Amino acid sequence: MAALHSCCTTTRMYQMHSSMPIRLLITIATAAALRPLIIFGRPGAGKSTIAERLVAHPDANAYNLDLDVCVPQWMRDNFAKGVYPTLAERQAFASDAADYVRTESEGKDAVCVVSFSFVNVDLRDSFRERFPDATWALVDASDALAGERIASRDGHFYKPPP
């Protein structure tokens, strides 16, 4: 697993795939200590699968926060129509999502695993600003696999590429 270049010297980044052994995922989570481990990548890449496998393992002291729950219905409806949020709307979303992570993490002595696409650089930058010591793990999949995963999700607000 190669470390990826990052603009932030305190940010650690890893490239991952949903087929990675769970022991390796626990090693990455342990490296995150009690800082957030942010699993990101395009829709359908396997972020939720990795996060769920990680927190379910008996050796993992972790909990998952999937930021899809923070996406407001109007934004989901627009995504389904191919209408994407403006910079101001993304910034408001990022602020609300970061507040959600902080609130849900209060008093917990475990690794917070955050999963979300963070497809826009400004969303990633906003989270890097709010969580400067986070460990970032990029998950990727082929276009075909990502499209299959998205298409198999009943009512998912993001539509796979044609």
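Further up the page is the structure itself.
Here the structure is a predicted model, which means the values were calculated and not measured. (Residues numbered from 1 in each chain as written. Predicted model: local features only at pLDDT ≥ 70, side-chain atom pairs only at ≥ 80, totals over all residues. Heavy atoms only, no water.)

Draft legend 1. Spatial organisation of the packing of helix H4 (residues 87–105) against helix H5 (residues 121–130). Orientation of H4 relative to H5, taken along the N-to-C sense of each, is 35°, at an axis distance of 9 Å. Taken as a pair, H4 and H5 cross one another with a handedness that is right-handed. Here Leu-87, Arg-90, Phe-93, Ala-94, Ser-95, Ala-97, Ala-98, Asp-99, Val-101 and Arg-102 of H4 come into contact with H5, specifically with Asp-122, Leu-123, Ser-126, Phe-127 and Arg-130. (Axes fitted to C-alpha atoms, helices over the stretch in contact; angles between N-to-C directions. Helix = DSSP H or I, 4+ residues; strand = E, 2+ residues; numbered from the N terminus. Left-handed = near helix turned anticlockwise from the far one by under 90°. Contact = heavy atoms within 4.5 Å.)

Draft legend 2. Focus on the environment of Pro-72. Along the polypeptide, Pro-72 turns up in the loop between strand E3 (62–66) and helix H3 (73–80). In this structure, the C-alpha to C-alpha distance between Pro-72 and Phe-93, residues 21 residues apart in sequence, is 8.4 Å.

Draft legend 3. Structural context of the pairing of strand E5 (residues 135–139). Summarising burial for E5: four of the five residues are buried, a large majority. Both strand E2 (residues 37–40) and E5 contribute to a ladder of four bridges, which runs parallel. Residue Ile-39 lies in a different strand from E5, and its bridge partner there is Ala-137. (Buried < 20%, exposed > 50% of the residue type's maximum accessible area, 1.4 Å probe, protein only. Pairing = 2+ DSSP bridges.)

Draft legend 4. Representation of unusual backbone geometry within the structure. Positive phi is not limited to glycine here, since Phe-118 has a value of about 50°. Structurally, Phe-118 is set in the loop between strand E4 (111–116) and H5.

Draft legend 5. View of helix H2 (residues 47–56). For H2, every residue scored as buried is listed here: Lys-47, Ile-50, Ala-51 and Leu-54. Around the axis of H2, the buried residues are gathered within 95° of arc, so they sit on the same side. Those residues of H2 that are exposed and angled more than 90 degrees off the buried face are Glu-52 and Ala-56. (Arc of directions from axis to C-beta.)

Draft legend 6. Up close: the packing of aromatic side chains. Per the counting criterion, the structure on display carries seven aromatic pairs. Plain terms: the ring middles of Phe-40 and Trp-136 are 5.2 Å apart, the flat faces sit at 80° to each other, and that makes the pair edge-to-face. Here Phe-40, found in strand E2, pairs with Trp-136, found in strand E5; they are 96 residues apart in sequence, far enough to count as distant. For the residue pair Phe-40 and Trp-136, the accessibility class agrees, reading buried in each case. Ring geometry for Phe-93 versus Phe-116: centroids 5.3 Å apart, planes at 35°, classification tilted. Within this pair, whereas Phe-93 is found in helix H4, its partner Phe-116 is found in strand E4, the two being separated by 23 residues in sequence. An identical accessibility class is assigned to Phe-93 and Phe-116; each is buried. (Phe/Tyr/Trp six-rings, centres within 6.5 Å; stacked < 30°, edge-to-face > 60°.)

Draft legend 7. Local environment of helix H6 (residues 143–151). All of the buried residues in H6 are Ala-146, Gly-147, Arg-149 and Ile-150. Viewed along the axis of H6, the buried residues span an arc of 165°, placing them on a single side of the element. Opposite its buried face, H6 presents the exposed residues Ala-144, Glu-148 and Ala-151, each directed more than 90 degrees away.

Draft legend 8. Representation of the environment of Met-75. Within the secondary structure layout, Met-75 lies in helix H3. For Met-75 and Pro-85, which are ten residues apart along the polypeptide, the C-alpha to C-alpha distance reads 7.1 Å.

Draft legend 9. A look at the nonpolar core. Counting 24 residues, the largest nonpolar core has Leu-67, Phe-93, Val-101, Phe-118 and Phe-127 as the members making the most contacts within it. A per-element tally of this core places H4 first, with five residues. Excluding residues that lie within four positions of it along the chain, Phe-93 makes contacts with Leu-67, Cys-70, Val-71, Pro-72, Met-75, Phe-116 and Leu-123. One finds Ile-39, Ala-60, Val-111 and Val-113 within the second-largest nonpolar core, a separate group that totals 13 residues. (Core = buried A, V, L, I, M, F, W, Y, C linked by side-chain atoms within 4.5 Å.)

Bear in mind that shape data such as this cannot, by itself, settle questions of function.
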